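# Working through the structure, step by step
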Amino acid sequence: MIKVLKFGGSSVATPESITKVKAIVEQSPDNKFVVVSALGGVTDQLVKASAMAASGDENFKKELHEVEQRHLSAAKSLIKPQQQGHVLSELKVMLNELEDYLQSIARLRELTPKLQDYALSFGERMSAFLLSETIAEAVLVDSRSIIKTDSTFGKANVNFEKTNQLSSAALREVKGRAVLPGFIASDENGNTTTLGRGGSDYTAAILAAAIGASSVEIWTDVNGFMTADPRKVEKAYPIKHLSYSEVFELSNFGAKVIYPPTVHPLLADNIAMLIKNTFNPAADGTLVNAHADVSGSQAIKGISSIDDIALLTLHGVGMTGISGISRRLFGALAEAEVSVILISQASSEQSITFAIVPEHVEQARQAIESEFEVEIRHQTIGLKIETEMSIIAIVGENMKRMPGISGKLFNALGKNGVNVVAIAQGSSELNISTVVHKLNLRKALNVIHEAFFLSGYREVHLYIAGIGTVGGNLIQQIRQQREDLMKNHRLKINVVGVMNSSKMLFDVQGINLDEIKDELERKGAPLSLSSFVQHIASVNLRSSIFVDCTASAEVADFYEKALQSFVSVVTANKIACSSSYERYQKLQSVSRMRGVKFLYETNVGAGLPVIKTINELVLSGDRVTKLEAVLSGTLNFIFNTISEEISMSQAIRMAKEKGYSEPDPRVDLSGVDVLRKILILARECGYPLEKSDVEVSTFLPAGCFGTPTVEMFFDAVQQLDADFEARRKALYAAGKRWRFVASLSEGKAKIGLQEVDIIHPFFNLQGSDNIITLHTERYSALPMVIKGAGAGAAVTAAGVFGDIIRVANI
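Because the structure is a prediction, the values reported are computed rather than measured.

### So, the overall build of the protein
Each helix and strand in the protein was counted, giving 29 helices and 29 strands. For 810 residues, the compact-globule estimate of 2.2 N^0.38 gives 28 Å, and the protein exceeds it by more than 25% at 36 Å. Across its three principal axes, the protein shows a C-alpha extent of roughly 115 × 70 × 55 Å. Expressed as a percentage of its 810 residues, the buried residues of the protein come to 53%. The contacts in the protein between residues at least 6 apart in sequence include a share of 73% that link residues at least 24 apart. Carbon and sulfur atoms make up 50% of the accessible area of the protein, which totals about 34,500 Å².

### What about helix H21 (residues 610-619)?
Those residues of H21 lying buried are Val-610, Ile-611, Thr-613, Ile-614 and Leu-617. For H21, the buried positions fall inside an angular range of 160° around the axis, keeping them on one side. The first or second residue beyond H21 is Gly-621, which carries a positive phi of 100°.

### Examining the pattern of salt bridges
Enumeration over the complete set of coordinates arrives at 39 salt bridges. The shortest N-O distance in the salt bridge between Lys-301 and Glu-246 comes to 3.5 Å. Placement of Lys-301 in the loop between strand S10 (286-289) and strand S11 (302-315) and of Glu-246 in helix H8 (residues 244-252) is noted, with a sequence separation of 55 residues between them. Taking the relative accessible area as the measure of exposure, Glu-246 reaches 1% and is therefore buried. Note that Asp-803 is salt-bridged to Arg-806, the shortest N-O span being 3.2 Å. Highlighted residues: Asp-803 and Arg-806, both in helix H29 (residues 793-808), separated by three residues, approximately one helical turn. Shared partners join several salt bridges into a network, and the residues in it are Asp-229, Arg-231, Lys-232 and Asp-307.

### Let's talk about the nonpolar core
Within the largest apolar cluster, 77 residues are counted, with the highest numbers of intra-cluster contacts made by Phe-546, Leu-627 and Ile-638. No other element matches the seven residues that helix H25 (residues 672-684) contributes to this core. Grouped together as the second largest cluster of nonpolar side chains are 52 residues, Phe-33, Val-247, Tyr-259 and Ala-424 included.

### Brief notes about the packing of helix H4 (residues 81-108) against helix H5 (residues 113-134)
Running from N to C, H4 and H5 point in directions that differ by 170°, and their axes come no closer than 11 Å. Taken together, the axis directions place H4 and H5 in an arrangement best described as roughly antiparallel. On H5, the residues touching His-86, Val-87, Glu-90, Leu-91, Met-94, Leu-95, Glu-97, Leu-98, Tyr-101 and Leu-108 of H4 are Lys-114, Leu-115, Tyr-118, Ala-119, Phe-122, Arg-125, Met-126, Phe-129, Leu-130 and Glu-133. Of the residues belonging to the contact of H4 with H5, the class tally is 14 nonpolar, one polar and five charged.

### Brief notes about the side chain of Ser-743
Take Ser-743: it is sitting in strand S26 (residues 736-745). A residue is classified by how much of its surface remains accessible, and Ser-743, at 11% relative accessible area, is buried. Sequence-distant contacts of Ser-743, defined by excluding residues within four places in its chain, comprise Leu-627, Glu-628, Ile-678, Lys-748, Ala-749 and Lys-750.

### A closer look at the packing of helix H22 (residues 633-641) against helix H23 (residues 648-657)
H23 packs onto H22 with a crossing angle of 135° between their chain directions and a minimal axis gap of 9 Å. Relative to H23, the element H22 lies oblique. Considering the relative orientation of H22 and H23, their crossing is right-handed. Touching Thr-634, Phe-637, Ile-638, Phe-639 and Thr-641 of H22 are Met-648, Ala-651, Ile-652, Met-654 and Ala-655, all from H23. Split by residue class, the contact of H22 with H23 holds eight nonpolar, two polar and no charged.

### A word on the sheet that holds S11
Pairing within the open sheet is antiparallel, and its six strands lie in the order S12-S13-S11-S14-S16-S15. Here the strands that pair on one side only, and so sit at the sheet edges, are strand S12 (342-345) and strand S15 (420-425). Ignoring which end each strand starts from, the neighbouring axes of this sheet average 30° apart. In the sheet, S12 pairs with strand S13 (residues 351-356) via four bridges, with the strands oriented antiparallel. If you follow Leu-342 over to S13, its bridge partner there is Ala-355. Across the face of the sheet, H8 comes into contact with S11, strand S14 (382-395) and strand S16 (431-437) while running at roughly 60° to S11. The strands touched by helix H13 (residues 405-415) are S14, S15 and S16; relative to S16, the strand with the most contacts, the crossing angle is about 15°.

### So, the sheet that holds strand S28 (residues 769-776)
Strand order in the open sheet formed by six strands is S25-S27-S26-S24-S28-S29, and the pairing between neighbours is mixed. Edge strands, defined here as strands with exactly one partner in the open sheet, are strand S25 (694-696) and strand S29 (784-789). Strand after strand, the sheet turns through a mean of 25° between neighbouring axes, direction not considered. Of the pairings in the sheet, the one linking S25 to strand S27 (residues 748-757) comprises three bridges and is parallel in character. Paired with Val-696 across the two strands is Ile-751, which belongs to S27. The sheet contacts of helix H28 (residues 721-733) involve S26 and S27, and relative to S26 the element is tilted by about 90°.

### Considering the pairing of S12
Side-chain direction in a regular strand flips from residue to residue, so the side chains alternate between the two faces of the sheet. Alternating positions in S12 separate cleanly, Leu-342 and Ser-344 being buried on one face and Ile-343 and Gln-345 remaining unburied on the opposite face. Joining the antiparallel neighbours S12 and S13 is a turn of five residues, in which Glu-349 adopts a positive phi near 65°.

### What to know about the packing of aromatic side chains
Scanning the model with the defined rule gives 22 aromatic pairs in all. Residue placement shows Arg-728 over the ring face of Tyr-732; its charged tip is 5.0 Å from the ring centre.

### Some points on H28
A turn of α-helix holds 3.6 residues, and therefore any two residues three or four places apart point the same way. Taking 1.5 Å of rise per residue, 13 residues should cover 18 Å, and H28 covers 18 Å from first to last C-alpha, within 8% of that figure. Along H28, the residues classified as buried are Asp-721, Phe-724, Glu-725, Arg-728 and Leu-731. End-on, the buried residues of H28 take up no more than an arc of 125°, which puts them together on one face. Along H28, exposed side chains directed more than 90 degrees from the buried face belong to Ala-722, Ala-730 and Ala-733. Backbone geometry just after H28 places Gly-735 at a positive phi near 75°.

### A few points about the environment of Asp-803
Given a relative accessible area of 1%, Asp-803 falls into the buried group. Between the alpha carbons of Asp-803 and Tyr-600 there is a distance of 7.5 Å; along the sequence they are 203 residues apart. Contacts of Asp-803, omitting those with residues within four sequence positions, involve Val-570, Leu-599, Tyr-600, Glu-601 and Thr-602. In terms of polar contacts, Asp-803 uses its side chain to reach the backbone amide nitrogen of Glu-601, at 3.0 Å.

### Section: unusual backbone geometry
Even without being a glycine, Phe-566 presents a positive backbone phi close to 65°. Within the element layout of this structure, Phe-566 appears in the loop between helix H19 (559-564) and strand S22 (568-571). Since its relative accessible area comes to 22%, Phe-566 is described here as partly exposed. Here Glu-746, not a glycine, exhibits a phi torsion of approximately 50°, which is positive. Within the element layout of this structure, Glu-746 appears in the loop between S26 and S27. Here Glu-746 falls in the partly exposed class, since its relative accessible area comes to 48%.

### Some words on the state of the cysteines
For the structure shown, the criterion picks out zero disulfides. Unpaired in this structure, Cys-685 has its nearest cysteine sulfur neighbour in Cys-577, at a distance of 14 Å. By relative accessible area, Cys-685 is classed as buried at 7%.

The rules behind each value
Residues numbered from 1 in each chain as written. Predicted model: local features only at pLDDT ≥ 70, side-chain atom pairs only at ≥ 80, totals over all residues. Heavy atoms only, no water. Helix = DSSP H or I, 4+ residues; strand = E, 2+ residues; numbered from the N terminus. Rg over C-alpha atoms; globule rule 2.2 N^0.38 Å. Buried < 20%, exposed > 50% of the residue type's maximum accessible area, 1.4 Å probe, protein only. Contact = heavy atoms within 4.5 Å. Areas by Shrake-Rupley, 256 points an atom, 1.4 Å probe, with all protein chains shown as cover. Arc of directions from axis to C-beta. Salt bridge = Lys/Arg side-chain N within 4 Å of Asp/Glu carboxyl O. Core = buried A, V, L, I, M, F, W, Y, C linked by side-chain atoms within 4.5 Å. Axes fitted to C-alpha atoms, helices over the stretch in contact; angles between N-to-C directions. Parallel < 35°, antiparallel > 145°, perpendicular 65-115°, else oblique. Nonpolar A, V, L, I, M, F, W, Y, C, P; charged D, E, K, R; others polar. Left-handed = near helix turned anticlockwise from the far one by under 90°. Pairing = 2+ DSSP bridges. Phe/Tyr/Trp six-rings, centres within 6.5 Å; stacked < 30°, edge-to-face > 60°. Lys NZ or Arg CZ within 6 Å of the ring centre and 35° of its normal. Expected span 1.5 Å × (residues − 1). Polar contact = N/O pair within 3.5 Å; in protein donor to acceptor, adjacent residues only side chain to side chain. Disulfide = S-S within 2.5 Å.

Here it is, written out as C-alpha cells:
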C-alpha cells in the first residue's frame, strides 16, 4: 500500500506547519513518497525578483534577502542545533547560486521562459531539502532526474514513457522515505523545466502512476473539495466523493484545490486520490476515483467559477450558411496562441461566442480582424468584445439522470436579478456553464448554492428604514421568532442594514439585534438616503428586502430604485401607494417586471389581512361593488374614549401617548390618513382614483389644522371640548355613537364622521379596532367582514413581519 503524499505551499509556509507535515508523514510506513511545493509565497517572490532583475531594478536583492531569511529561520526552528551546520550550509549554497543567477539576469536584462524556470526551481528545491532533513529516515530525490519533458518552458509536456522508466528504477531503490520537489522537471538536454503553476499536484500524480502507488494524498489548507468557493459562499461545505470527471470539470473552471492536469495520469491507472487538510487531519476530506456516486439524490456535486474573463462574439449575416467559419475562427486563435475557455453558438449560425482570459483580448482581436478582414470591411461580420465577465459552472454526473436542472439554475438566477449573458452545455450533461457580469458573481454563486445544496433552507437579508416605534417592535419580533423560523421553517432572517433619521449602519454578516440601536449610534455613518439604497444595490445580496417603517416621503421616493435593483420592498409607509395613480402603477409595474415583491399590507388596517383579501377576490374574478370601513384606529379610539370624564382634547392626547396616532395627530384628525387608506383600497379594487376624487368631510374646524405647532393645535381643540361634550350627550341619549367612516361605492369614495345606531355593524367597535365590510358580486347578500386591532406599533410590526415572510416564501 504505497502512498504518494503532496504538501502545498500553505502546508509548508511556517516552521509550525512543517512540524504538522512531519507528524502526518511519519504516522504510517505506507507514506513512502513525499512531494512538496515551495514555502507558501516563495514562488511569487521569485517571480517578482526575476522580473526586477531583468528590468535592472536592484530591489530584487531585498526580495532575495526575504527568501533567504525565511529558509534559514525555518531551518533553525526545525533542525536540532548539532545538525544545523550541514543544513544551513547547503541552503546557503543554493541561495548563493540563486543570487548569482539573478545577477546574471540583471546583466543580460533578459528573462526568457527558460531562464525563469531555472530561477523558480529554487523554491521547490530548497523546501524539499529542508523537509528531507526534518522527516525521519528521509532522503532527497531531485525530480529533475526522473521526470522528463519537452522544452516548452513554463508549462512543459511530460514524456511519460521516459519518466516512468526513470522513476520506477530510481524510486524502487529508495530505503525509507523519499522527498521530492514538485513543479520541476528537465528536458532531454538536462535543462530545468516546470510543469505550470500548481504543478506540484501533477508531480505527485506522475510519480504515483510511474511506481504503481495505491493512492495519492493531496494535503492543502481546506477540508477537501468544497461545494463552492468558501471565500465567496459562506455556507459551502466539503464534498465526500467525486469522480475524476467531476474533479476535472471543477478544476478546469476555477476550483483551485488541484491542478487540472493532475487528473490524467491517475485516471489512466485508476489510482484513487484523497484531498486532506494539513491543519485538520481528522477531517474526512474528499475521495476522488473513477466511479461516480449515483446512489445519492444530489443533482450536482459542486459549483466553480472563473472570476475574470472576456467574452468575444463573432456575429453577422456573413456567417449564415457559410462553411468553415468556425475552422477559420479557432484556427486564427490557435495560431495566435489564444486558449478558449468556453464556446456558445446560436442555432441560427449568426454568432459564435467564446470566452478567453482578459490578457489575450488584444492578440485575439488582431488575429480575428486579420482572418476576417474582407468580411469586416464589407460589414457582413463584426466582432463584439465584453470584459468584466465571469463564468460559473455547475458540475455533477447525476445531472444526466435528473430533469429540470437547467430550469432550477436559471430560475434561481432570474429571481434574484442575475442576467445570464451566455450558456454552454456539452452533450455529456456533466457541466452547465453560464457567463454573468462580474459584479453579480458572488450573488449568483450564493443563489445557485442555496438552490441546489440548501433547498430546504432560505435566507433573506433585511434593510430596515426606521427603528422607532414600529421598526423597534419589528426588530423585537424578529429577535423573538428567529430561532423558531430557522428550526421549524428553515428560514433565516438576517438584518444587514438599518437607518434612522440621522445615521445608517451595514453589516453583511448580520447586525446584532440585541444591541442594534446602540450599534447604530456608535458605529453608524451619517445618513444619506441615496447612499443607503445604492449600498443595497452594490452589495447585491440575494433575497434582499427593503423594509420601510417610517412615514417619510423622502424614503418612499427610493422604492422604485430599490425595485429596479431586484430588491423587494415591504412598507408600512402609505405615502407611495396613496400618491398619484401613475406612481402607484409604476411601482406595481416595476415589481412585476423585475420579479420581486412590493407589499404594503399594513398601509390599511395595520396587521389585518385587508389588501391581501381584496387582491385574492379580484384575482379570482370577483368585483368589489361597495366597501364601508372604519380605517382609523386612532379616531375610533378617540370616539370610544371621550366621556363625561375625558374630553375630546384629552382623548387625542391619550391616543398620541399610546402610539395610536402619528407623532403629529393632525394627520389623523384631518382625515388625511383615512383618505390615503380609502384611496389605496379603491385602487386595489381596480378603481384608478386620485386624492381629488375622494369627498372629504372633517369634524374639526379648518383653523385647528393651521396652527404652527402641535401644542397650539391641542390648545385650539381644548376650546371645542365643551361643544363636543354637549353633542356627545345628545348623541348618546339618542342611542347612537360617532364613527369616522370611509366608503367606496361603484368607484365613488368619501370619508367623514357618521352617527351609527345599535343595529349598525360599526356600533360596538371597541378601542382602536378597525372594521371593513366588503360587498362583492359573490358576497352580495351578506358582506365579508374583516375586523380587529387597527392601530398600535406591535400589530403594525406584526403585519410588516407577515409581509417579510410572504416575500421569503416566493
